[in-house]
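Remarks on the overall topology
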Amino acid sequence: MESTATIRDQLASYLSEQSMSINQFADKVGINSGTLSRIVKGTQPIAMSHLALITRGMEEVEDYFFSLYVDECFYHSAPTWRRLRPFMIRCAELGRVDCIERMVQILLDNLKNVPMLFEVAEGLFGQGQWQAAALLYENVGASEKYQHSERLALCQYRLFVMALGDDPQQNLIAAALFENYVTRLDEAHQLDALKQLLHVYYALHHWEKAEELAKELHRLATIQYQIHSRSDHRCKSQETLEKPLYFYILYAQLMRSCTYEERGDYKNALEIIPLYTDGSWIKESGEEVYRIIAQFQEWGTANTYLNRLMDGQQEVLEEYVDFVSTRENEIFTALFRIVQTANRYQWDVDHILRRFSAYIPYRRHFIKNKQINDDHHTRFRCELATYYLARRRFRGQEVALSNVDLSAEVDNDRNVIRGTISVEFEINI
């Protein structure tokens, strides 16, 4: 534990114990002897670079003096962001959130420091230093809680993104806390925020809410696209958004169609598909545009087969299987829906399960959106167990038990219950 003595006191004691002069120590650590002399006398503040050299010269761990350096920055010299910013960043990198918290509490006595704290938070967020960034966002947000500023909304958005994890109920709480701030965000962040919210509610099977968010995403993206298409200059939002503006328009329609599919309204799901496969209205050109349009068209083709299949049109089954067989990323979803449909209409799909046996997931199958992936994964296991159990096969119990474990892990109550019932059914028969 660090002593209450100042850094200068400890350095002076070290020099005395080691029988070293200031010049000798300065040569050892690579600091100008005049600079070191002024630091020891207290006539020159200790820069971060000097602190690192002094600490290394005294053979201590890098953050040994960090708590004392907080005092150095505020009480033994005039606070300047030239020192505070790199110090906060290094504290974050070394996990010294305690030092950051002390600095923040002192700095917020003067609200003029809020913009700079927010700027540091944005930098830490971009570097993946989320624990420290969250601390700064929470404090900046608290200092502006009575304001209706974009900065407050952006703090809440960042906290929402960082709060998302494996627990669906915690994700729902995070979404509910953030949702009212969406309209306060600038256009550069609104679309990605709506997309994130949409994923949360979709993963939780809140289909009506997901559709509502998809419609709002489409409305805002369309307005922004029309405005920017008439503008002669590249808008800031185009540089900040994760995807091009036209992507959000197509994606919103895709998700609308998916919510209808999930609710069993295959007619409406099919009617929306042309709205995200037609990219003729897109004014941009180039390789990226063609790639994105082709991707949505491929999804549209797959979803056309899928919705017809789930509507009971068994004649498209083999054609659908042949289509996805050459598209590895589509196979998992196809298997899930094929087994689900087979259970609904009592079809025999053993030959398909044998053909794609290597893709039947007994562990997580990686896709980009983890929330939706976990949900589909547990539902697949449940449907597969139901399919096997209906045919009185032992493998159904294995899959059902596996599903109970995974559902508990991702806190999916519906599938825990259903998986347990499946196991009991297997034992009873």
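On a predicted model such as this, the values are computed, not experimentally measured, just so you know. (Residues numbered from 1 in each chain as written. Predicted model: local features only at pLDDT ≥ 70, side-chain atom pairs only at ≥ 80, totals over all residues. Heavy atoms only, no water.)

1. Regarding the overall build of the protein chain
Counting its secondary structure elements, the protein chain contains 23 helices and zero strands. Entry remark: accessible area of the protein chain is about 21,200 Å², with carbon and sulfur atoms responsible for 49%. (Helix = DSSP H or I, 4+ residues; strand = E, 2+ residues; numbered from the N terminus. Areas by Shrake-Rupley, 256 points an atom, 1.4 Å probe, with all protein chains shown as cover.)

2. Focus on helix 6 (residues 81-93)
Given a rise of 1.5 Å per residue, 13 residues ought to cover 18 Å, and the 18 Å separating the end C-alpha atoms of helix 6 matches this to within 8%. For helix 6, every residue scored as buried is listed here: W81, R83, L84, F87, M88, C91 and A92. Along the axis of helix 6, the buried residues cluster in a sector spanning 155°; they form a single face. Backbone geometry just after helix 6 places G95 at a positive phi near 75°. (Expected span 1.5 Å × (residues − 1). Buried < 20%, exposed > 50% of the residue type's maximum accessible area, 1.4 Å probe, protein only. Arc of directions from axis to C-beta.)

3. Looking at the side chain of H50
By secondary structure assignment, the location of H50 is in helix 4 (residues 48-57). You can call H50 buried: its relative accessible area is 17%. When near neighbours in sequence (up to four residues on either side) are disregarded, H50 contacts I31, T35, I39 and Q44. (Contact = heavy atoms within 4.5 Å.)

4. As for the confidence of the model for the protein chain
Averaged over all residues, the pLDDT of the protein chain equals 86, while 84% of them reach at least 70. Across residues 400-411, confidence stays below pLDDT 50; counting only partners more than four residues off in sequence or on other chains, it has 32 contacts. Considering only residues more than four positions removed or in separate chains, one finds that residues 413-429, a stretch of pLDDT under 50, has 30 contacts. (pLDDT = per-residue confidence, 0-100.)

5. Topic: unusual backbone geometry
Unlike most non-glycine residues, E59 shows phi in positive territory, near 60°. Tracing the chain through its elements places E59 in the loop between helix 4 and helix 5 (66-74). For H205, which is not glycine, the phi torsion reads 65° and is therefore positive. Tracing the backbone shows H205 in the loop between helix 12 (187-203) and helix 13 (207-229).

6. A word on the packing of helix 13 against helix 15 (residues 245-262)
Remark: helix 13 packs on helix 15, axes separated minimally by 8 Å, with the N-to-C direction vectors making an angle of 160°. With respect to helix 15, the axis of helix 13 lies roughly antiparallel. In this structure, helix 13 crosses over helix 15, and the sense of that crossing is left-handed. Counted together, W207, A210, E211, A214, K215, L217, H218, A221, T222, Q224, Y225 and H228 of helix 13 and L245, Y246, Y248, I249, Y251, A252, Q253, M255, R256, T259, Y260 and E262 of helix 15 form the full contact between these two elements. (Axes fitted to C-alpha atoms, helices over the stretch in contact; angles between N-to-C directions. Parallel < 35°, antiparallel > 145°, perpendicular 65-115°, else oblique. Left-handed = near helix turned anticlockwise from the far one by under 90°.)

7. Side note on the pattern of salt bridges
Under the counting rule described, the total for this entry stands at 22 salt bridges. Among the ionic pairs, R85 bridges to E119, the shortest N-O distance being 3.1 Å. Residue R85 is found in helix 6, and its partner E119 is found in helix 8 (residues 114-126); the two are separated by 34 residues along the sequence. Look at E119 and you get partly exposed, because its relative accessible area is 43%. Of the charged contacts, one joins E122 and R158 as a salt bridge, the two residues approaching to 2.9 Å between their closest N and O atoms. Of this pair, E122 sits in helix 8 while R158 sits in helix 10 (residues 150-163), placing them 36 residues apart in sequence. For E122, a relative accessible area of 22% translates into the label partly exposed. Among the charged side chains, a salt-bridge network with shared partners connects E208, E211, K215 and R263. (Salt bridge = Lys/Arg side-chain N within 4 Å of Asp/Glu carboxyl O.)

8. Regarding the packing of helix 9 (residues 130-143) against helix 10
Relative to each other, helix 9 and helix 10 sit at 145°, their axes nearing to 9 Å. The crossing of helix 9 and helix 10 is left-handed. Every residue of helix 10 that contacts helix 9 at W130, A133, A134, Y137, E138, V140 and G141 is listed here: R151, L152, C155, R158, L159, V161 and M162. Of the residues contributing to the contact of helix 9 with helix 10, the split by class is 10 nonpolar, one polar and three charged. (Nonpolar A, V, L, I, M, F, W, Y, C, P; charged D, E, K, R; others polar.)

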